[in-house]
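Tertiary structure, described
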Amino acid sequence: MKLRRRAVTGLAIAAAVLLPAVGTVTPAAAATYPPLPAHVYAPYYETYLAPNTPRITATAQTSGAKYFTLAFLQATGKGSCTLAWNGLSSQPLNYYASDISSLRGMGGNVIPSFGGYSADHGGTEIADSCTNVNLIAQDYEQVIQTLGVTRLDMDVESSSLNNTAGIDRRNKAIALTEQWAAAQNPPIPLQIQYTLPVEQYGLDPNGEAVLQNAVANSATVTSVNIMVFDYYIAREGVVQMGQAAINAANHTFTQLRSIFPSLTSAQIWSMEGMTMLPGIDDLRKKTEVTYEPDATTMLNFAQAPVPGSSMNFLSIWAIQRDNGGCPGTVDSNTCSGITQSDWDFSHILEPFTG
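Attention in this report is confined to the structure presented alongside it. Each chain carries its own residue numbering, running from 1 in the direction its sequence is written. This being a predicted model, a pLDDT of at least 70 is required before a residue's local features are given, and a value of 80 or more before pairs of side-chain atoms are given or counted; all residues contribute to the totals for chains, interfaces and linings. The basis for every side-chain value is the complete set of heavy atoms in the structure, and neither hydrogens nor water enter the calculation.

1. Observations regarding the packing of aromatic side chains
The description of two aromatic rings rests on the distance between their centres and on the angle between their planes. Pairing of aromatic side chains requires ring centres within 6.5 Å, counting the rings of Phe and Tyr and the six-membered ring of Trp. Pairs whose planes differ by under 30 degrees are stacked, by over 60 edge-to-face, and all others tilted. Within this structure, the stated rule accounts for 10 aromatic pairs. With a centroid separation of 5.1 Å and an interplanar angle of 80 degrees, the aromatic rings of Phe 114 and Tyr 140 are classed as edge-to-face. In this pair, Phe 114 is assigned in strand β5 (residues 109-115) and Tyr 140 in helix α6 (residues 133-147), connecting sequence segments 26 residues apart. Accessibility classification places Phe 114 together with Tyr 140 in one group, the buried group. A run of H or I in DSSP counts as a helix once it spans at least four residues, and a run of E counts as a strand once it spans at least two, with each numbered from the N terminus. Only protein chains enter the area calculation, which uses a 1.4 Å probe; residues under 20% of their type maximum are buried, those over 50% are exposed, and those in between are partly exposed.

Quick look at the structure:
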């Protein structure tokens, strides 16, 4: 299994509008729980670039994207049961609350994401760090109430894929959180999304095991978002990233049918999502490069993988990379490394939302 390095490697980005001070919206004010569209383009937004990055609402205004996946919520240290953005005390849970409220005023919304490579590799993913299932569930509930969200994204990669104790705690906590959400008045329509690494042949066994453990713990999974980049296959040559994503999605579909045998084919397809990485991915050979036509290929497939079906989720890693400001650069947080116009990928993928 190769490692996807979704971590900070460079923090400089030009920003006309920078992030505001810590949000002051109270949990009661935030907790309106607006639902997500059935099909949503929600690019990842790198919160760890704060404060030197445009605000979420400013990014929405310039890019046209209205939904964002916020990366990442992490434990404040190994062994901690306390969450903060990127595990930083300077970015508490309500750091983006006022910005999220403004985004909702524009008709948008967010999906908070837990984990990410740095936490999964370093032991600060909340279910790896905290050994108390009830406290993990309370963390999830606090996020839902504070931010008023209905979908949680669990980004599980690197060491977290093989941390069987953490996997079991996470799914037990998810099940408790789902029971809590259903018991609210009115019930909160909570959705759980797993974001997992993938190969063209589908999920690796440890990725399948995450979902199998969810089933065993009665944790309902709404969306399985596969990361269609960083394949890192030896002697693979130049990869046609659009077709590679289709291959990965088709093989993942077969695996999901086995894991969730009670679901129809259409329901399985509606469970799937894909996240692409615009431009040059982390493989320094530059043989895995996603161009705009690849994004169009993925969009067309996601809209109708087979007649009468569609995926539920499309994303990019990450919105701050959706520009051509650094041709030839590998592994930048703030540009794609290819020649492109600003927001090319977002403009292609935004029609998916609806």
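2. Description of the state of the cysteines
The term disulfide is used for any two cysteine sulfur atoms that are within 2.5 Å. For the structure on display, the rule yields 2 disulfides. In this model, Cys 81 is linked to Cys 130 through a disulfide, with the two sulfur atoms separated by 2.0 Å. Disulfide Cys 81-Cys 130: torsion about the S-S bond near 85 degrees, hence right-handed. Within this pair, whereas Cys 81 is found in the loop between β3 (67-75) and β4 (83-85), its partner Cys 130 is found in the loop between α5 (126-129) and α6, the two being separated by 49 residues in sequence. Take Cys 81: its relative accessible area is 23%, and that puts it in the partly exposed class. Across a sulfur-sulfur distance of 1.9 Å, Cys 326 and Cys 335 are joined as a disulfide pair. Negative torsions about the S-S bond denote left-handed disulfides, and the value of about 110 degrees found for Cys 326 with Cys 335 makes this one right-handed. As far as burial versus exposure is concerned, Cys 326 and Cys 335 are alike and both buried. Here the disulfide map of the protein reads 1-2, 3-4, the bonded cysteines being numbered as they appear in the sequence.

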